[in-house]
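The primary structure of each chain is shown beneath.
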Amino acid sequence: MGKFVNRIALLLCLCSAIFADTIAVQFTDSGESRVSKLISRIIDTGFVDSVETVNRLNELAELNLIKPISTESPVLTVVPNIAVRKIDVSRAFPLFRSEVEQVMTLRSGDFITPEKLEIQRKMIVDRFSQVGVVSPTVTFQLDSIGKTGLVDLKVLISKKNIQLVNRVIYRGTPQFGPLVHGWNFRVWHYTKFFVFPTRYQREDLRDDVRKLRKFYRSVGYADVEISTADSLVTSTKNGTQIVTIVVSINSGVVHSTKLGHVSPVKRSTARDQFDLRHRGNRSVSVIRTGTTDLNRSLQGWGYDSAKVIVKDTTLIRAKRYPWENRVHTISVGNVSRLELAHFTIEGNEHIREKKLRSACATERGRQKKRRYKGSFSPVIFNEDCKRIAGVYRSLGYLKTTVDGSILSTKSGKINATISIVENDPCRVSRVVFTNLPEQIVADSLTKKCRVLADSLLDQSKIERDKRAIIQYMQTHGFPSVEITQTESVTQDSTHSEIIWDFKNLITPTIRSINWWGNYYTRQRLLNRSILIAEKESFSQRELNESVRKLRSLGLFASVSPSLIRSTNQDSVDILIRLEELPRIDLSGAVGYETGNEFFVRGDFIQHNLHGMNRDFNANFGVSNTERKVGIAFTEPNLFGSKVKAATSLIGTLAMPENKLYQTYIFENGYSLGWNPLNGIQLTTKASYILKKSTGEANVVLVKNSDSTVISISNKLRHTFNILPSVTLDGRDSFVRPTKGGFLEVQSTISHGLNSLSDDYWGVKGEAKLFLTPLKPITLGIRLSSGLQRPYGENTNPSDEIMFVLGGATTIRGYGENLLFTDSLGNSKSGLGKINGSIELRSQLFRSIEVPLFVDFGTLSFTKNLNDLEPLKFSAGSGLRVYSPIGPIGVVYAWKFDPDLDRFTPGTYHFSIGYTF
């Protein structure tokens, strides 16, 4: 069949060369298409390339875009109205599928033509060449959907050849080429036994050339020219091409600058003009610009005859680096200055003289804060006359004339006078709005204007009116409105008519929303997070709010929107570029802390789980007081709202210090959080807890099957808890706070399903305040309190729910949980607590801190709040060193009442991080 078609095509070509008018071509559109070019080629060239051309036509026929040529009807017809339902890209590695889709300009709903497919093919091939993949085979497959006129377009990419970089060769004058840091294409020697070299990515090559050019300019080669070329070294059996990159460097001339005699200019001023405060040499353009600026400054100070002289000295170094070094010496010659004796303004009646003088640079030259006070420049004086005339015109005095005169005194100084002849001001006769849409009332716009009928023609107020009118129109559904303001002035310049003309009063619709850079984040999450949608009216305010919401997700390092408006401004395409943050965080610590002794901690967090902005967290901790393993799933935006939901599973073996029991805990918790404002969080958590305490010191009340209450230990207990909390966080930093405050209040309602000792309610709160009166000194204040109460038949609350104080995190100077002890020296627990700290953190060096602190606290062992024990105090100091995981330090705290305690007068505490 293929040979038959080729023969027919050749016969057609021969016939067309003889009788060109016998072939008719039918098209569905009037524009020139790819098919028309192919037919013209057949007619013009006859047999030349006819086989290749017919094969291309047959390929289009297979895609159902044209009807095949037949012997009965030598007519080539383009099949009309084939639209794309969806686009599927396969085998796009090493690119992502989304990258290829974003490169293509063809979208769902667009009609397919042969020229459009050729454009898509070229763009895809170009995109692959940028990442080191050359000559990919791009084929299109169309699957029709019944008789609907819709097709599914499949883009198949195969036979890709990968280019790898073997080495980089520097040619020309590469004095510093191999020393550049950050060059992505490092030198590799390719053999089949070693690792493949780096893939040839032209995007990285452009960045490397930019870095290399910046490096050369920083060391003086401001006019350096760098070009790159690649040559194929060899090809492997699997089609991989090994490329050598040739970097040609023409460093040019090194231009350096030095200052000679620059009086009367300050040397610091001259250094600023020629940008000599920064290290490195300057190009010719910088020297030329500095010369122009310095001449202008001399004129402003009255040195009109002074000139900036640039002398060139060429040096040749031929020993190691044979390049040319040209030194430019800057000096000032012909120094003579005009001095100002008096500066007066005459003839102004309607405008205050103070306002006119503020517009004059000549007057400012007399101020004492200027080094060259009293200088006079005729050039600047003439500019002052023009500025004053502009002030009058902007205020409605259109025919006011301003003249300047200069007289020399006997002492050689200058008397400068500006004479003003004022005319009657121009007043507005009426304000007219043209081309105003029907839904906008002219009176509503008039209320936004300050320049109305019978008011002065003030240009500054007119500009303010223009901004107010544009803002009003944008808020009423015309975001692309353009306003032209014209003034019709009478011949005597006493009256004027202001005309506001409105254009582009079309409310554009959003034709498409395209995403780029979301390689992992799902588009469903992105569409749910924005306020705009396709086929709706475009609003710049909603676009800005959508960008803000995307940034607040915490998934992207940058969010950059761009707009592509149609020719008639009735529609707009939105492209949002995203840069995703790393999705996995790993952290851990091994160290020593007082109370925990040697510990090991680890934490694994995966952000943006499955591309839907969900977090997965797994952590563990091992110390002498605790063994803990937990996992948690977090949904920051539940059902697209501001509610944060989390579920967790935690297993813990708690071994409290100075307690004669240990507790096995399994907890399954669910929480809902809401952030109504920044820094404010409302949270409610419900959890099911399975406990088992071992040890005679922790006896609980349980019910038997006959409802009798007995005391027993080593019992498996089932508990249900509800924990509502409120958190206000205004600290400037979580790791190292220096100012701001923190407040947290949490209540607990617990019910034991088979244990009376777990029936209790409680509330606890903690407040922190940080002040920095001086830069290296921070004052931190903490106050914490808590209250626990049993309810119902509970008369013996469990010991593990009660409060204990003492240790590195509560009251330093005491052992862990040993603020209060019994006669045997064992730790005592209370139903209420109050504790706090005052700490002065003084930073000696950049990473060393010396704290001074006072801690205090007490407990209540009864239900009566008046039965608080006397407060116990401690004070101390120490040393902390800052590290990436927080401050690491040791402190020593002394007790205020050591005689009342059988233990040591103080205690050392080792810690990682701040205690509060």
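Above this text is the structure in question.
Residues numbered from 1 in each chain as written. Predicted model: local features only at pLDDT ≥ 70, side-chain atom pairs only at ≥ 80, totals over all residues. Heavy atoms only, no water.

## Observations regarding the nonpolar core
Inclusion rule: Definition used in this section: a nonpolar core is a set of buried Ala, Val, Leu, Ile, Met, Phe, Trp, Tyr and Cys residues joined via side-chain atoms within 4.5 Å. Exposed residues in this analysis have more than 50% of their type's maximum accessible area, buried residues have under 20%, and partly exposed residues fall in between, with area computed by a 1.4 Å probe over protein chains only. Secondary structure elements follow DSSP: runs of H or I of four or more residues count as helices, runs of E of two or more count as strands, with numbering from the N terminus. Here a residue-residue contact requires only that any non-hydrogen atoms of the pair lie within 4.5 Å.
If you look at the biggest cluster of nonpolar residues, it comprises 22 residues, and the most contacted ones within it are Ile 87, Val 100, Ile 112, Ile 124, Leu 153 and Val 155. Listed by contribution, the elements that provide at least two residues to this core are strand 4 (83–90), helix 5 (114–130), strand 6 (137–144) and strand 7 (150–158). In terms of residue count, the dominant contributor to this core is strand 7 (four residues). Residues within four places of Ile 87 in sequence aside, it is in contact with Arg 97, Glu 101, Met 104, Leu 106, Arg 107, Leu 153 and Val 155. Ranked by size, the runner-up nonpolar core spans 21 residues in total, among them Phe 343, Ile 345, Val 391 and Ala 416.

## Comments concerning the sheet that holds strand 7
Formally: Pairing between two strands requires that DSSP report at least two bridges joining them. Orientation is described by axes fitted as lines to C-alpha atoms, over the contacting stretch for helices, and by angles from 0 to 180 degrees between their N-to-C directions.
Overall, mixed pairing links the three strands, which are arranged 4-7-6 in an open sheet. Whereas interior strands pair on both sides, the edge strands pair on one side only; in this sheet they are strand 4 and strand 6. Going across the sheet, the axis of each strand differs from the next one's by a mean of 20°, ignoring polarity. Here seven bridges tie strand 4 to strand 7, and the two strands are oriented parallel to one another. Bridge pairing links Ile 87 to Leu 153 in strand 7. Packed onto the sheet, helix 5 meets strand 6 and strand 7 and runs at close to 140° relative to strand 6.

## What to know about helix 5
What counts here: A helix is expected to span 1.5 Å for every residue after the first. Taken from the helix axis, the directions to the C-beta atoms give the arc we talk about.
Helix length check: helix 5 (17 residues) gives 25 Å between terminal C-alpha atoms against 24 Å at 1.5 Å per residue, within 8%. Buried within helix 5 we find Pro 114, Leu 117, Gln 120, Arg 121, Ile 124, Arg 127 and Phe 128. Buried residues along helix 5 cover an arc of 150° about the axis, so they all sit on one side. Count one or two residues on from helix 5 and you reach Gly 132, which has phi positive near 85°.

## Things to note about the side chain of Thr 683
Put simply, the rule is: The definition of a polar contact used here is a pair of N or O atoms within 3.5 Å, where within protein one atom must be able to donate a hydrogen and the other to accept one, and adjacent residues in sequence count solely through side-chain atom pairs.
Among the structural elements, Thr 683 can be located in strand 30 (residues 680–694). In this structure Thr 683 comes out as buried when scored by relative accessible area, which is 18%. At 3.3 Å, the side chain of Thr 683 forms a polar contact with the side chain of Gln 681. Once residues within four sequence positions are removed from consideration, Thr 683 is found in contact with Ser 671, Leu 672, Gly 673, Leu 723, Pro 724 and Ser 725.

## Some remarks on the sheet that holds strand 20 (residues 495–503)
Read from one edge of the open sheet, three strands run 18-20-19, paired in mixed fashion. In the strand order of this sheet, the two ends are held by strand 18 (427–434) and strand 19 (482–489), each with one partner. Neighbour to neighbour, the strand axes of the sheet diverge by 20° on average, direction disregarded. Bridge count for strand 18 against strand 20 is seven bridges, and the pairing is parallel. When the bridges of strand 20 are listed, Val 432 appears paired with Ile 499. Each of strand 18, strand 19 and strand 20 touches helix 13 (residues 459–475); the most contacted strand, strand 20, lies at about 25° to it.

## A closer look at the pairing of strand 35 (residues 760–774)
Where strand 34 (residues 740–752) meets strand 35, eleven bridges bridge the pair, whose relative direction is antiparallel. Bridged to Gly 740 within strand 35 is Phe 770. Relative to strand 36 (residues 777–790), strand 35 runs antiparallel, the two sharing 13 bridges. If you follow Gly 762 over to strand 36, its bridge partner there is Gln 788. In this structure, the hairpin formed by strand 35 and strand 36 is closed by a connection of two residues.

## Examining the environment of Cys 385
Along the chain, Cys 385 turns up in helix 11 (residues 378–394). On the basis of relative accessible area, Cys 385 is assigned to the buried category, the value being 10%. As a C-alpha pair, Cys 385 and Gly 404 span 19 residues in sequence and 6.5 Å in three-dimensional space. Contacts of Cys 385, omitting those with residues within four sequence positions, involve Val 402, Asp 403, Gly 404 and Ile 418.

## Digging into helix 13
The end-to-end C-alpha distance of helix 13, which contains 17 residues, comes to 25 Å, matching closely the 24 Å that a straight helix rising 1.5 Å per residue would cover. Inspection of helix 13 places Ile 462, Asp 465, Ala 468, Ile 469, Tyr 472 and Met 473 among the buried residues, and these make up the whole buried set. What you see down the axis of helix 13 is that its buried residues fit within an arc of 130°, all on one side. Away from its buried face by more than 90 degrees, helix 13 exposes Arg 467, Gln 471 and Thr 475. Tucked into the core, helix 13 has its buried residues touching strand 18, helix 12 (442–446), strand 19 and strand 20. Looking at the residues trailing helix 13, positive phi occurs at Gly 477, about 95°.

## Some thoughts on the side chain of His 909
Among the structural elements, His 909 can be located in strand 41 (residues 906–912). Residue His 909 is classed as buried on the basis of its relative accessible area, which comes to 2%. Reaching out from His 909, the side chain makes a polar contact with the backbone nitrogen of Gly 813 at a distance of 2.9 Å. For His 909, the contacting residues outside a window of four places in its chain are Thr 594, Gly 807, Ala 808, Arg 812, Gly 813, Tyr 814, Gly 889, Val 890 and Val 891.

## Comments concerning the environment of Glu 487
Tracing the backbone shows Glu 487 in strand 19. For the pair Glu 487 and Ile 498, spaced eleven residues apart in sequence, the C-alpha to C-alpha distance is 4.8 Å. A distance of 3.1 Å separates polar atoms of two side chains, one belonging to Glu 487 and the other to Gln 485.

## Topic: the environment of Ile 498
Within the fold, Ile 498 resides in strand 20. Its relative accessible area of 1% is what places Ile 498 among the buried residues. Expressed as a C-alpha distance, the spacing of Ile 498 and Val 451, which sit 47 residues apart in the sequence, is 9.0 Å. Once you skip the residues sitting within four places of it in the chain, Ile 498 turns out to touch Val 428, Arg 430, Val 431, Val 432, Val 451, Leu 457, Ile 462, Gln 485 and Thr 486.

## Observations concerning the packing of aromatic side chains
Defined as follows: In summary, the pairing rule links any two rings of Phe, Tyr or Trp, Trp by its six-membered ring, whose centres are within 6.5 Å, and it sorts them by plane angle into stacked for under 30 degrees, edge-to-face for over 60 and tilted for everything else. Placement of a charge over a ring requires the Lys NZ or Arg CZ to be within 6 Å of the ring centre, with the centre-to-atom vector within 35 degrees of the ring normal.
Tallying each qualifying case throughout the model produces 14 aromatic pairs. Measuring from ring centre to ring centre gives 5.7 Å for Tyr 392 and Tyr 397, while their planes differ by 80°; the resulting arrangement is edge-to-face. By the burial criterion, Tyr 392 is buried, and Tyr 397 matches it. Judged by centre distance (5.5 Å) and plane angle (75°), the rings of Tyr 592 and Phe 910 are edge-to-face. Of this pair, Tyr 592 sits in strand 24 (residues 584–593) while Phe 910 is found in strand 41, placing the two residues 318 residues apart along the sequence. Among the residues examined, Tyr 592 registers a relative accessible area of 34% and is labelled partly exposed. Residue classification places Phe 910 among the partly exposed residues on the basis of a relative accessible area of 36%. The rings of Tyr 592, Phe 598 and Phe 910 are connected pair by pair, giving a single aromatic cluster. In this structure, Arg 601 is placed above the aromatic ring of Phe 599, and the distance from its NZ or CZ to the ring centre is 4.1 Å.

## Side note on the pattern of salt bridges
Keep this limit in mind: For this document, the term salt bridge refers to a Lys or Arg side-chain nitrogen within 4 Å of an Asp or Glu carboxyl oxygen.
This structure, assessed with the given rule, holds 24 salt bridges. The residue Arg 548 makes a salt bridge to Glu 545 at a minimum N-O spacing of 2.6 Å. With Arg 548 and Glu 545 both in helix 15 (residues 540–552) and three residues apart, this pair spans about one turn of that helix. Across the pair Arg 880 and Glu 849 runs a salt bridge, and its minimum N-O distance is 3.0 Å. Of the two residues, Arg 880 sits in strand 39 (residues 872–881) while Glu 849 sits in strand 38 (residues 848–860), which places them 31 residues apart along the sequence. Per residue, the accessibility class of Arg 880 equals that of Glu 849, and both read buried.

Function-wise, these values are silent; they only describe arrangement.
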